[in-house]
Amino acid sequence: MKLLITGAAGFIGSNFVFYMLKEHPDYEIVAYDDLTYAGNLATLQPVLENSHFKFVKGDVADRRRVFSLFENEKFDVVVNFAAESHVDRSIEDPGVFLKTNVLGTQTLMDAARRFKVKRFHQVGTDEVYGDLPLERKDLFFTEQTPITASSPYSASKASADLLVMAYCRTYQLPVTISRCSNNYGPYQFPEKLIPLIISRAMEDKEIPVYGKGENVRDWLYVVDHCKAIDQILHNGKEGSIYNVGGHNERTNIEVVRTVLKLLGKQENLITFVKDRKGHDLRYAIDPSKISNELGWEPETSFEEGIRHTVDWYIENRKWWEDIISGDYQQYYVQMYGSN
Ligand code: NAD
Ligand code: DAU
């Protein structure tokens, strides 16, 4: 089995590469990533010498490059993680989100059709469902919840999902989509809430909390997400969408306090700042479908996962310090002559 994993130098993509090489050592994996600011080739260092792994630098929206890659490699399966993924950046500059997340997905699917890929899996997000009211704890996102995107990021991801389903219906492209809640764990770029808190607290810097910190996110340990995608690839029904989440709802301020406590830092580092524009109130996934159909269950509790994550950032300080200082970009210059 030969897999193309796009966005493999990012947070979830790299964890997925490690997971698949461990669980399926006979598979061949090609990682394709444009190494944007969010991609870090140093993350993939441990597998660069693995004979079942190959890294190719390139843009998912570059049609010629994508088609020639598919022609040369003859993939069985494509898993598309490549995306601009940060909501705040999408509010500042939506254009690149549309190019990568929508046109990039279209380009990959066109190649998947042309070269008869057996499965195209789109890594989606629960943000396509908009948000839920804070006071209605009984409400959850199901696969039937209407698409109501709030930010340019979620609108771009929703557009991609619609296109994926359209390619399935119109061209019978064998697709699946997973829509996961907020991930956390090793190798997450320190612009996202959890690694941002950890790295800033370790340097005794202020922790910016948007609004009153009352917004709720449903946290899933990244390896549980990787396992869900693996199960969907093997047993998921073509044309199906699967919500992925583990009922780990926390307010942002609860998450911040938990991390500060684990690090032995004082709460006076917390600084309430201006709220995000259009800030989604609450995300909460109903994972019954993937649980009933595929038997997937999350294995890592929030308490265990967050402890492991904090330990990882303590033990791998150089990884995130290089990102904050910009040094990790030097790696690309060494490898490719430019960023
Ligand atoms: P990330 O930002 O850490 O990684 C994205 C990767 O995609 C980077 O390596 C980047 O270099 C690459 N990339 C960006 N533009 C590209 C392009 N044009 N061509 C090729 N590669 C490109 O993101 P992440 O948090 O790992 O998210 C991965 C996927 O999972 C995204 O599709 C995201 O929407 C989805 N998702 C993320 C979460 C989460 O909590 N992080 C939850 C649900 C779904
Ligand atoms: O739900 C899945 C989504 O989760 C993914 O699709 C996105 O790619 C991923 O980035 C994430 O989106 P969020 O916007 O929920 O994640 P972020 O880490 O940016 O923010 C989490 C919450 O913390 C959110 O309510 C905003 C808040 N926040 C964030 C930052 C960066 C703060 O209060 N302060 C901050 O500095």
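Refer to the structure presented above.
To start, this report covers the structure provided alongside it.

Criteria and cut-off values
Residues numbered from 1 in each chain as written. Chains lettered and ligands numbered in written order. Predicted model: local features only at pLDDT ≥ 70, side-chain atom pairs only at ≥ 80, totals over all residues. Heavy atoms only, no water. Core = buried A, V, L, I, M, F, W, Y, C linked by side-chain atoms within 4.5 Å. Buried < 20%, exposed > 50% of the residue type's maximum accessible area, 1.4 Å probe, protein only. Helix = DSSP H or I, 4+ residues; strand = E, 2+ residues; numbered from the N terminus. Contact = heavy atoms within 4.5 Å. Near = heavy atom within 4 Å. Polar contact = N/O pair within 3.5 Å; in protein donor to acceptor, adjacent residues only side chain to side chain. Areas by Shrake-Rupley, 256 points an atom, 1.4 Å probe, with all protein chains shown as cover. Nonpolar A, V, L, I, M, F, W, Y, C, P; charged D, E, K, R; others polar. Pairing = 2+ DSSP bridges.

On to the nonpolar core. Ranked by size, the top nonpolar core spans 32 residues in total, and within it Leu4, Phe70 and Phe120 carry the most contacts. When contributions to this core are tallied by element, the ones reaching two or more residues are strand S2 (28-33), helix H2 (63-73), helix H4 (95-114), helix H5 (152-171) and strand S6 (175-180). Setting aside residues no more than four positions away along its own chain, Phe70 makes contact with Leu4, Phe75, Val78, Leu108, Ala111, Ala112, Phe115 and Val117. Judged by nonpolar contacts, the second largest core, of 30 residues, contains Tyr187, Ile197, Ile198 and Ile207.

Here we take up the site of ligand 1. The environment of ligand 1 is formed by 28 residues, the closest being Ile12, Asp33, Ser85, Tyr153 and Lys157. Between an oxygen atom of ligand 1 and a main-chain N or O atom of Phe81, the distance comes to 3.1 Å. In the environment of ligand 1, a nitrogen atom lies 3.2 Å from a nitrogen or oxygen atom belonging to the side chain of Thr100. Protein coverage of the free-state accessible area of ligand 1, which is 830 Å², stands at 96%. At the level of secondary structure, the elements contributing two or more residues to the shell around ligand 1 comprise helix H1 (11-23), strand S5 (119-125) and H5. Within the shell around ligand 1, the residues separate by chemical class into 12 nonpolar, 12 polar and four charged.

Let us now look at the pairing of strand S1 (residues 2-6). Counting buried positions along S1 yields five of five residues, so the element is predominantly enclosed. Residues Lys2, Leu4 and Thr6 of S1 are buried on one face, and the alternating residues Leu3 and Ile5, pointing to the opposite face, are buried as well. In this sheet, S2 lies alongside S1 in parallel orientation, the contact comprising five bridges. Considered in S2, the bridge of Thr6 is made with Tyr32. For S1 and strand S4 (residues 77-80), the ladder comprises four bridges, and the chain directions are parallel. Following the sheet pairing, Leu4 is matched in S4 by Val78.

Mapped onto the elements of the fold, Cys180 is located in strand S6. Classification of Cys180 by relative accessible area gives buried; the value is 3%. For the pair formed by Cys180 and Trp219, sequence separation is 39 residues and the distance between their alpha carbons is 9.5 Å. Setting aside anything within four residues of it in sequence, one finds Cys180 in contact with Gly124, Thr125, Asp126, Leu220, His225 and Val244.

In this fold, Val259 is placed in helix H8 (residues 252-263). C-alpha separation for the pair Val259 and Ile197, spaced 62 residues apart in sequence, amounts to 7.3 Å. In contact with Val259, not counting residues within four places along its chain, are Ile197, Ile198, Ile306 and Val310.

The next thing to look at is the site of ligand 2. The local shell around ligand 2 holds 23 residues, among which Thr125, Asp126, Tyr153, Arg276 and His279 are the closest. Asp126 has a polar side-chain atom sitting 2.5 Å from an oxygen atom of ligand 2. His279 places a side-chain nitrogen or oxygen 2.7 Å from an oxygen atom of ligand 2. Relative to its free-state accessible area of 680 Å², ligand 2 is covered by the protein chains to the extent of 94%. Looking at the shell around ligand 2, the elements that each hand over two or more residues are helix H6 (193-202) and strand S8 (207-210). The element contributing the most residues to the shell around ligand 2 is S8, with three residues. Of the residues assigned to the shell around ligand 2, the class counts are nine nonpolar, eight polar and six charged.

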